[in-house]
Amino acid sequence: MVSDIREIQVKLSRVPADYAVYLGKGFDTVEETFDLSLKPDIQKQLEAAKERAKGFDLRNASKGLIRFAGVDFLIYPYGGKGFLYFIETNDYKISIGNPSVNWGVSVQYFSKGLWSRGYDELRAEVDKVFAALMEKPERRDYVKLRRADIAFDLFSKKFSAEMVPGMLSAVVALSGVKKQMVGSVPELVPCQEYASGNRLETITIGSKSSLQIQIYNKTAEIRNSSNKTWLFDVWRQNGTDIDFENDVWRVEFRFFGKFMRERNIETMADFRLLEADLMEEALLTRRLTKINRKDSNRARWALHPVWSIIYRLKGEGHCLPVGRVISLEKRKEMVENLKRQVAGGLRSAVVLAQGEFEDDRLHFLLLDVLKILKTDPEHETKVVKTLQKYRFIDEAK
């Protein structure tokens, strides 16, 4: 922790009772590095599985299937970034480097796994898998925490109204900390140059080299890209009946290796012990404040209501895991996309054959396509590969 953190004056804003509803807190990403080496026979199995996976459609990043310690993994048909093998479940990804390299194994725990099962359950499963894959560790301190992201989720219509270009001027950070805004205009410009009516969706304070805080519209992110509607179940744990279609904001604290090493944090146990202190440091050195035009000394400005809420809750426990989450939305979306692709292909084939589109020609073309499917000697093999490829599709990440 920085030497003068305790000397920073903390002034909290008064937060009206109807300003926001606190929805929960939890790990959203965790990454660990392990000083472990593959067993020779396991490396042979992985190499063979990787070769088999190359028979899949690489253009769609398809992967093969392999099983260790009762856990099914997808294996990538390639390595990269210093790693020989990548294997993953829907909850975490294991990257495995050359056995001769120290600290050559890493695990990234995914958001969905952390919220639905919790870090402790995932880590216990990884340890079981490593007992089957790896030689016994030669040292007791064979694991290091490389990254830990903690997310706070709040429902607030009032904060939505405040998130307009110009909000960046409310950020007070230590010298050298990067500040960035992403709004409804594509280019990064000074806040005062945004046109009126624009709405801000993201503020990022800091960088991924140390400590970063990001504030973003979580409901917009779910609606426009991630489709993580299973988070609604997490948010409902507090008994609220809020409509989560809009106005849920996430404040995400991302602690990276350099930041943690400087504070002698090596493991998850170290991090948990100091979590409240780390949150306090993050909130006070990368502050969102309530602008006070009457005081030119920004360091004296009170913390913004959102920061004040989180400051008071920094020692709260994490949400309870909600259990395995199944979502059919991704499957439905993919089926619809494939149907559109088939329709487009059939249209092109009819026009190429006839010079124009005719229903009668389409009928005969459909019969030809059905015949090709039924007479394909590799049909059953392709069916099995498709089932393997989309084995985890209904489990939202």
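Residues numbered from 1 in each chain as written. Predicted model: local features only at pLDDT ≥ 70, side-chain atom pairs only at ≥ 80, totals over all residues. Heavy atoms only, no water.

Student: Quick question: what am I supposed to make of the packing of aromatic side chains here?
Tutor: The geometry of an aromatic ring pair is captured by the separation of the ring centres together with the interplanar angle, meaning the angle of the planes. Summed over the entire model, instances satisfying the criterion amount to 19 aromatic pairs. Between the aromatic rings of Phe68 and Phe73, the centroid separation amounts to 6.5 Å while the plane-to-plane angle is 55°, which identifies the pairing as tilted. Both rings, one in Tyr76 and one in Phe86, keep their centres 5.5 Å apart while their planes meet at 55°; by these two values the pair is tilted. Taken as a pair, Tyr76 in the loop between strand E3 (71-75) and strand E4 (83-88) and Phe86 in strand E4 lie far apart in primary sequence, 10 residues in all. The pair formed by Tyr76 and Phe86 is uniform in burial state, with each residue classed as buried. The ring of Phe86 carries Lys93 above its face, with NZ or CZ at 4.6 Å from the centroid. (Phe/Tyr/Trp six-rings, centres within 6.5 Å; stacked < 30°, edge-to-face > 60°. Helix = DSSP H or I, 4+ residues; strand = E, 2+ residues; numbered from the N terminus. Buried < 20%, exposed > 50% of the residue type's maximum accessible area, 1.4 Å probe, protein only. Lys NZ or Arg CZ within 6 Å of the ring centre and 35° of its normal.)

Student: Before we go on, may I ask you to explain the packing of helix H8 (residues 268-285) against helix H9 (residues 305-313) in this structure?
Tutor: Two quantities define a packed helix pair, namely the angle between the axes and the distance from one axis to the other. Across the interface, H8 lies against H9 with an axial gap of 10 Å and an inter-helix angle of 165°. Classified by the angle between their axes, H8 and H9 sit roughly antiparallel to one another. Relative to H9, the crossing made by H8 is left-handed. Judged by residue contacts, Met279, Glu280, Leu283 and Leu284 of H8 engage Trp307, Ile310 and Tyr311 from H9. Taken together, the residues of the contact of H8 with H9 sort by class into six nonpolar, no polar and one charged. (Axes fitted to C-alpha atoms, helices over the stretch in contact; angles between N-to-C directions. Parallel < 35°, antiparallel > 145°, perpendicular 65-115°, else oblique. Left-handed = near helix turned anticlockwise from the far one by under 90°. Contact = heavy atoms within 4.5 Å. Nonpolar A, V, L, I, M, F, W, Y, C, P; charged D, E, K, R; others polar.)

Student: In this structure, what is going on with the nonpolar core? I would like to understand it.
Tutor: One finds Leu46, Tyr92, Ile94, Tyr109, Phe253, Phe255 and Phe271 to be the most contacted residues of the largest nonpolar core, which totals 73 residues. With seven residues, the top contributor of residues to this core is H8. The residues contacting Tyr92, other than those within four sequence positions of it, are Val71, Phe73, Ile87, Val107, Gln108, Tyr109, Phe110, Leu122, Glu125, Val126 and Val129. In this structure, Phe155, Ile222, Leu231 and Phe244 belong to the second largest nonpolar core, which totals 13 residues. (Core = buried A, V, L, I, M, F, W, Y, C linked by side-chain atoms within 4.5 Å.)

Student: Any chance you could explain the environment of Arg250 here in plain terms?
Tutor: Among the secondary structure elements, Arg250 is positioned in strand E12 (residues 248-256). In sequence terms Arg250 and Thr219 are 31 residues apart; their C-alpha atoms lie 9.0 Å from each other. Side chain to side chain, Arg250 and Asp28 meet in a polar contact 3.0 Å long. Within polar-contact distance, the side chain of Arg250 engages the side chain of Asp153 at 2.7 Å. (Polar contact = N/O pair within 3.5 Å; in protein donor to acceptor, adjacent residues only side chain to side chain.)

Student: Please clarify how H9 should be interpreted in this entry.
Tutor: What sets the pattern is the α-helix's 3.6 residues per turn: residues three or four places apart point alike. Across the nine residues that make up H9, a large majority, eight, are buried. Pro305, Val306, Trp307, Ser308, Ile309, Ile310, Tyr311 and Leu313 are the residues of H9 that are buried.

Student: Help me understand the confidence of the model for the protein in this model?
Tutor: Atom-level detail of predicted coordinates should not be read off regions where pLDDT is low. Per-residue confidence for the protein gives a mean pLDDT of 83; residues scoring 70 or more make up 83%. Looking over the protein, one finds the lowest element-wise mean pLDDT in helix H12 (residues 379-389), namely 61, and the highest in strand E6 (residues 105-109), namely 98. (pLDDT = per-residue confidence, 0-100.)

Student: Where do I start with the pairing of E12 in this structure?
Tutor: For a regular strand, the rule is simple: side chains alternate between the two faces of the sheet. Across the nine residues that make up E12, a large majority, nine, are buried. Of the two faces of E12, the one carrying Val248, Arg250, Glu252, Arg254 and Phe256 and the one carrying Trp249, Val251, Phe253 and Phe255 are both buried. As paired elements, strand E11 (residues 211-217) and E12 share seven bridges and run antiparallel to each other. Opposite Ile213, over in E12, you have Phe253 as the bridge partner. (Pairing = 2+ DSSP bridges.)

Student: Help me out: how do you make sense of unusual backbone geometry in this one?
Tutor: The bulk of non-glycine residues show a negative phi, and the bulk of peptide bonds are trans. For Trp103, which is not glycine, the phi torsion reads 50° and is therefore positive. If you trace the backbone, Trp103 turns up in the loop between strand E5 (92-97) and E6. Its identity is not glycine, yet Asn227 carries a phi of approximately 60°, on the positive side. Here Asn227 is to be found in the loop between helix H5 (218-226) and helix H6 (231-235).

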